[in-house]
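Examining the three-dimensional arrangement
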Amino acid sequence: MFADLHVHTSASDGSSTPEEVVQMAARNKLRCIAITDHDTMDGINAAHAVAERRGVDILNGVELSTECDGLEVHILGYCVDPGDHELQEHLKIFQNARLNRAKKIINKLRNLGLVISLEKVLELAGPGSVGRPHIARALLAEGQVNSIAEAFELYIGVGKPAYEPRFKYHPVQMVKLIRSVGGVPVLAHPGITCGESLIMTLIEEGLQGLEVYHPKHTPEMEKYYLNLCHEYGLVVTGGSDFHGVGVTGHGRLGEAVVPYKVVVELRALAAQNKMD
């Protein structure tokens, strides 16, 4: 029995609804998936509503965007309560910042002569957190670009004319937040943006796991992070970083998995954190 512990839905920047993701997980014979949308937990309840009858276990999660020394660092929070007041207050800050960022990007695009409206972007985002993928889809819908990839390459990618930096906390702050609300903080895809020095700092500040298995990790990276986990007593997690069928730059659902015993380990660790 296997678990994919890094899955996105339309509650953030995924293209599939939570219900659709659960259905796909069942077809792929996954025992568990973790819903880890960016800076929101709005998709959790919808996933739970269909998961039991499909035989899929849902692990509550969230992926928090942080920054350190100019690098974007993502912290996964597992076994967190979507109704926790302290967590929701921080997520509201993230979500408001995302909306303000979207408005600034749209203004830049308009100044470049492109046709795009905030209303269309919010329609595409639905009730979830708004992000650059929704802006790219709006540009595509208006015929301003030929593909979502082109929107990023020409206008809204890092360093492009309509790019706007995102508000971010420091990763240590989010590790401490997740621990304070009884969750388990795990560093997402460390091989993409994170050096050993920061990993050591995060471990000292309470990090409890590393996402060892990820579609963009090489076998050498996996071996390195696996050794770090063994040396420092960290949970070994993994996930596909699924954002939807056909979405480029991310894995297929179930492409990177871990044994179901990792889910049991995370829940036991969370229960211990709640008592600390």
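Everything discussed here concerns the structure shown above.
What you are looking at is a predicted structure, and each value in this text was computed from that prediction instead of being measured.

With mixed pairing, the eight strands of this open sheet are ordered in space as E7-E6-E5-E4-E3-E2-E1-E8. The outermost strands of the open sheet, each flanked by one partner alone, are strand E7 (235-238) and strand E8 (258-259). Along the sheet, helix H2 (residues 44-54) contacts strand E2 (32-35) and strand E3 (57-68); its crossing angle with E3, the most-contacted strand, is approximately 160 degrees.

Here strand E6 (residues 209-213) lies mainly inside the structure; four of its five residues are buried. One ladder, built from two bridges, connects strand E5 (residues 184-187) with E6; its direction is parallel. Paired with Val186 across the bridge in E6 is Gly209. Crossover connection from E6 via helix H10 (residues 219-232) to parallel E7: handedness right-handed.

With 49 residues, the main nonpolar core has Ile33, Leu187, Ile199 and Leu210 as its most contacted residues. With near-sequence residues (within four places) excluded, Leu210 lies in contact with Val186, Leu187, Ile199, Tyr225, Leu228, Cys229, Leu234, Val235, Val236 and Thr237.

What the rule picks out here adds up to ten salt bridges. Where Lys92 meets Glu89, a salt bridge forms, and the shortest distance between an N and an O atom there is 3.7 Å. Residue Lys92 and its partner Glu89 are located together in helix H3 (residues 85-111), separated by three residues, close to a single helical turn. Given a relative accessible area of 35%, Glu89 falls into the partly exposed group. Salt-bridge contacts for Glu255 lead to Arg252; the nearest nitrogen and oxygen are separated by 3.7 Å. In this structure Arg252 comes out as exposed when scored by relative accessible area, which is 58%.

The residue Cys79 is not glycine, and still its phi comes out positive at about 65 degrees. Positionally, Cys79 belongs in the loop between strand E4 (71-78) and H3.

Criteria and cut-off values
Residues numbered from 1 in each chain as written. Predicted model: local features only at pLDDT ≥ 70, side-chain atom pairs only at ≥ 80, totals over all residues. Heavy atoms only, no water. Pairing = 2+ DSSP bridges. Helix = DSSP H or I, 4+ residues; strand = E, 2+ residues; numbered from the N terminus. Contact = heavy atoms within 4.5 Å. Axes fitted to C-alpha atoms, helices over the stretch in contact; angles between N-to-C directions. Buried < 20%, exposed > 50% of the residue type's maximum accessible area, 1.4 Å probe, protein only. Right-handed = clockwise from strand over helix to strand, strands pointing away. Core = buried A, V, L, I, M, F, W, Y, C linked by side-chain atoms within 4.5 Å. Salt bridge = Lys/Arg side-chain N within 4 Å of Asp/Glu carboxyl O.

Purely geometric stuff here, so don't read any function into it on its own.
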